[in-house]
Number of protein chains: 2
Amino acid sequence: MTDIDELMSIRQMCDAYDVTPRTLRFYEAKELLFPQREGQKRLFTKRDRARLKLILRGKRFGFSLEEIRQLLDLYHIGDQQQTQLQRTYEIARDRLRDMEAQRDELTEAIEDLREQLRWGEKVIASMSQEKDAAE
Amino acid sequence: MTDIDELMSIRQMCDAYDVTPRTLRFYEAKELLFPQREGQKRLFTKRDRARLKLILRGKRFGFSLEEIRQLLDLYHIGDQQQTQLQRTYEIARDRLRDMEAQRDELTEAIEDLREQLRWGEKVIASMSQEKDAAE
DNA sequence: ACGTATCTTGACGTTAACGTCAAGGGGCCC
DNA sequence: GGGCCCCTTGACGTTAACGTCAAGATACGT
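For clarity, every value in this text was computed on a predicted model and none was experimentally measured.

Enquirer: Quick question: what am I supposed to make of the relation of the copies chain A and chain B here?
Expert: For the pair of chain copies, the relating operation is a rotation around an axis with a shift along it. Rotating chain A by 180 degrees about the axis while translating it 0.0 Å along that axis superimposes it on chain B, leaving an RMSD of 0.0 Å. In symmetry terms, the pair is related by a two-fold rotation axis. Ranked by how close their C-alpha atoms come to the rotation axis, the residues of chain A are headed by Gly62(A), at 1.9 Å. Residue by residue, 100% of the interface of chain A is reproduced at the interface of chain B, so both copies engage with the same surface.

Here's what the structure looks like:
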């Protein structure tokens, strides 16, 4: 709620989000984050933290940093030109479709795997059965 | 249904699954696929094709080839030792949990993005409104 | 003034997952 | 038997996403 919550050092960020300094600097170089500077030291804002959360989430879905960067633009829509905004919007809409498709496929894969696991249980059961009989 | 369906050349595989020869050879080197040989030429079986589908699906979820390889073992459970099978089973159970968690997170992210898109629509609408007024 | 802790900018190293040649064998057709 | 295709095995190149030093600025406690 105070300045401590508003601006965080690189170390605080690392502790809070379980990333390395190198990673944060890398994301800045790739224009995914835009920390302020106090002298030469980086200070990460609430906005940077929100973006970082989205980045990490995107990575868990297997998105590339470049794909994520395009999506991030949708989340700070204020400072964009009209045509650029339209483009951003369309990219996000496409990405949404991808994500929905991915979720459907994932649901399917989960079902498949569950079935395989039921199979596995049976096989394991019958194997220990045989083993019991042999003793 | 004939031999043509049973065994496929590397070229046929590439056309069928939209991958390169290099990729298939790479997957074999990493022990994800085990094509038969006719002389020195590779012949891919139905089993290889099933595995390849699972590989490509896993990749779309952002899994590494190594993670995928461990899962694949569950799908050809027949030829395993009992202890090894138990281990395979546990790995698959863990992976299932990961996938369920990922799906939940994805559902959440989809909701977030949908909301952002509604926002975006509004902003775009109001911007073209302003533009109309200015003309 | 000194140590130590945290930060900075290069710059080179690493891993995964392939891409991209180079050199050569085997089959088939005219 | 020359040409053409498809296949093979090395072996080196590439890209993304960082890791890992090296060398130096800045600040803080004693």
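Enquirer: When you look at helix 3 (residues 21-29) of chain B in this model, what are you seeing that I'm missing?
Expert: Each turn of an α-helix holds 3.6 residues, which means side chains three or four residues apart point in the same direction. All names here are of chain B. Every buried residue belonging to helix 3 is among Pro21, Leu24, Tyr27 and Glu28, and all of these are buried. Taken around the axis of helix 3, the buried residues stretch over an arc of 130 degrees, which confines them to a single face. Those residues of helix 3 that are exposed and aimed more than 90 degrees away from the buried face are Arg22 and Ala29. If you follow the buried residues of helix 3, they end up packed against helix 2 (10-17), strand 1 (36-38), strand 2 (41-43), helix 4 (46-60) and helix 5 (65-72). Glu31, located one to two residues past helix 3, shows a positive phi value of around 60 degrees.

Enquirer: Looking at this structure, I do not really get the packing of aromatic side chains. What am I missing?
Expert: What characterises a pair of aromatic rings is the spacing of the ring centres plus the angle enclosed by the ring planes. Residues and elements named next belong to chain A. Tallying each qualifying case throughout the model produces four aromatic pairs over all chains. Seen from their ring centres, Phe26 and Tyr27 are 6.3 Å apart, and the 55 degrees between their planes marks the pair as tilted. Residue Tyr27 is classed as buried on the basis of its relative accessible area, which comes to 3%. Arranged with centres 6.2 Å apart and planes meeting at 75 degrees, the rings of Phe61 and Phe63 form a pair that is edge-to-face. When sorted by exposure, Phe61 lands in the same class as Phe63, which is buried. If you follow Arg95 out to its NZ or CZ, it ends over the ring of Phe63, 5.5 Å from the centre.

Enquirer: Explain helix 4 of chain B here, please?
Expert: Residues and elements named next belong to chain B. Compared with an ideal rise of 1.5 Å per residue, which puts 15 residues at 21 Å, helix 4 spans 22 Å between its outermost C-alpha atoms and is within 8% of the ideal. When helix 4 is considered as a whole, its buried residues turn out to be Asp48, Arg49, Arg51, Leu52, Ile55, Leu56, Arg57 and Gly58. Capping of helix 4 at its N-terminal end is provided by Thr45; its side-chain oxygen lies 3.2 Å from the backbone amide nitrogen of Arg47. Of the residues trailing helix 4, Gly62 is marked for its positive phi of about 85 degrees.

So, how was this worked out
- Residues numbered from 1 in each chain as written.
- Chains lettered and ligands numbered in written order.
- Predicted model: local features only at pLDDT ≥ 70, side-chain atom pairs only at ≥ 80, totals over all residues.
- Heavy atoms only, no water.
- Least-squares fit on C-alpha atoms with pLDDT ≥ 70 in both.
- Contact = heavy atoms within 4.5 Å.
- Buried < 20%, exposed > 50% of the residue type's maximum accessible area, 1.4 Å probe, protein only.
- Helix = DSSP H or I, 4+ residues; strand = E, 2+ residues; numbered from the N terminus.
- Arc of directions from axis to C-beta.
- Phe/Tyr/Trp six-rings, centres within 6.5 Å; stacked < 30°, edge-to-face > 60°.
- Lys NZ or Arg CZ within 6 Å of the ring centre and 35° of its normal.
- Expected span 1.5 Å × (residues − 1).
- Polar contact = N/O pair within 3.5 Å; in protein donor to acceptor, adjacent residues only side chain to side chain.

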